[in-house]
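# Survey of secondary and tertiary structure
Single-letter residue listing:
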Amino acid sequence: MGSVDLNADLGEGFGAWQLGDDDAMLAIVTSANVACGFHAGDPAGLLRVCRSAADRGVRIGAQVGYRDLHGFGRRFIDVDAEDLVAEVVYQIGALQAIAQAGGSMVSYVKPHGALYNTIVIHREQAAAVAEAVRLVDPALPVLGMAGSVFFDEAARVGLRTVAEAFADRAYTSGGQLLSRREPGAVLDDAAAIADRALNMVASGQVIAVDGISVPIQVESICVHGDSPGAVQIATAVRDRLQEAGTEIKAFS
């Protein structure tokens, strides 16, 4: 059945507030979307995560988001395009230094939370994020949703795009993620999530909340590191895919 990348959002704790089990997740995933300090993460914690990722051979991605610590980056911000370009450049650069100090490097970029969802349809902000990545390093791939205007803008400036699917999030019939404000938006049954992930990879389809089968492209599967039972869910997904003959490896 070929191969697929398995990623998770990590490094999202802040000071005394610890979120998720980063070390346990790093033993499961092949790519770590590491926070960059704008929506989550503090320097010491990010350095620890990058060192651990380097020790385990896990690829590091810059998890860029809105400047929104209070809202964990899950609130839309109507930021000017010029400001958004600079803020994304800043975040990537900060994590590049942290990753280098930890013995690794930033290998890709993934937008977080509200920014991720916004640039599925908001062309101005999508273009700003793509331009920021290009300015830092046009060889950096971007992780996101296939069919989004972000992928259009990324391709326009010559960036490689990597299509991502979410094992533990509900989808609408339009192929977008169901808002976290809606009931059932975040899934929590590890076995069902694992079966769902396998179906995504094997069939290129996902069942939306209204029962419609929606086409989906999958080069990388995300399991959220901050969800309750995240380690168990990620383990179940990895085991189910491997049992079916799918190789788990970072996208090349």
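My aim in this report is to walk through the structure given alongside it, one point at a time. What you see is a predicted model; the values in this text were computed from it and never measured. (Residues numbered from 1 in each chain as written. Predicted model: local features only at pLDDT ≥ 70, side-chain atom pairs only at ≥ 80, totals over all residues. Heavy atoms only, no water.)

### A look at the overall build of the protein chain
Within the protein chain one finds eight helices and 10 strands. The C-alpha atoms of the protein chain give a radius of gyration of 17 Å, which matches the 18 Å a tight globule of 252 residues would have. In terms of overall dimensions, the protein chain has a C-alpha envelope of 40 × 40 × 35 Å along the principal axes. Looking at the 252 residues of the protein chain, the share that counts as buried comes to 52%. In the protein chain, the share of contacts with a sequence separation of at least 24, taken over all contacts with a separation of at least 6, comes to 73%. Summed over all atoms, the accessible surface of the protein chain reaches about 10,500 Å², with 51% contributed by carbon and sulfur. Here the protein chain contributes 19 positively and 31 negatively charged side chains, and the mean placements of these two sets differ by 2 Å. (Helix = DSSP H or I, 4+ residues; strand = E, 2+ residues; numbered from the N terminus. Rg over C-alpha atoms; globule rule 2.2 N^0.38 Å. Buried < 20%, exposed > 50% of the residue type's maximum accessible area, 1.4 Å probe, protein only. Contact = heavy atoms within 4.5 Å. Areas by Shrake-Rupley, 256 points an atom, 1.4 Å probe, with all protein chains shown as cover. Lys, Arg positive; Asp, Glu negative; His and termini not counted. Charge placed at Lys NZ, Arg CZ, Asp CG, Glu CD.)

### Focus: the pattern of salt bridges
Here the structure, examined in full by the defined rule, presents nine salt bridges. Residue glutamate 87 is joined to arginine 67 by a salt bridge in which the shortest nitrogen-to-oxygen separation is 2.9 Å. Here glutamate 87, found in helix α3 (residues 81-101), pairs with arginine 67, found in the loop between β3 (59-64) and α3; they are 20 residues apart in sequence, far enough to count as distant. In this structure arginine 67 comes out as exposed when scored by relative accessible area, which is 56%. (Salt bridge = Lys/Arg side-chain N within 4 Å of Asp/Glu carboxyl O.)

### Details of the environment of glycine 113
Looking at the secondary structure, you find glycine 113 in helix α4 (residues 113-118). C-alpha separation for the pair glycine 113 and valine 157, spaced 44 residues apart in sequence, amounts to 23 Å.

### Some points on the side chain of glutamate 12
One can find glutamate 12 in the loop between β1 (3-10) and α1 (22-26). An unpaired buried charge is present at glutamate 12: no salt bridge exists, and arginine 74, the closest side chain of opposite charge, is 6.0 Å distant. Ignoring anything within four residues of it in the chain, the contact list for glutamate 12 reads Trp17, Leu19, Ala35, His39, Ala40, Gly41, Gln63, Phe72, His112 and Asp226.

### Remarks on the packing of aromatic side chains
Counted under the stated rule, the structure contains six aromatic pairs. Ring geometry for tryptophan 17 and phenylalanine 72: centres 6.2 Å apart, planes at 75 degrees, overall edge-to-face. Of this pair, tryptophan 17 sits in the loop between β1 and α1 while phenylalanine 72 sits in the loop between β3 and α3, and the two are 55 residues apart along the sequence. Taking NZ or CZ as reference, arginine 59 lies 4.5 Å from the ring centre of phenylalanine 251, over its face. (Phe/Tyr/Trp six-rings, centres within 6.5 Å; stacked < 30°, edge-to-face > 60°. Lys NZ or Arg CZ within 6 Å of the ring centre and 35° of its normal.)

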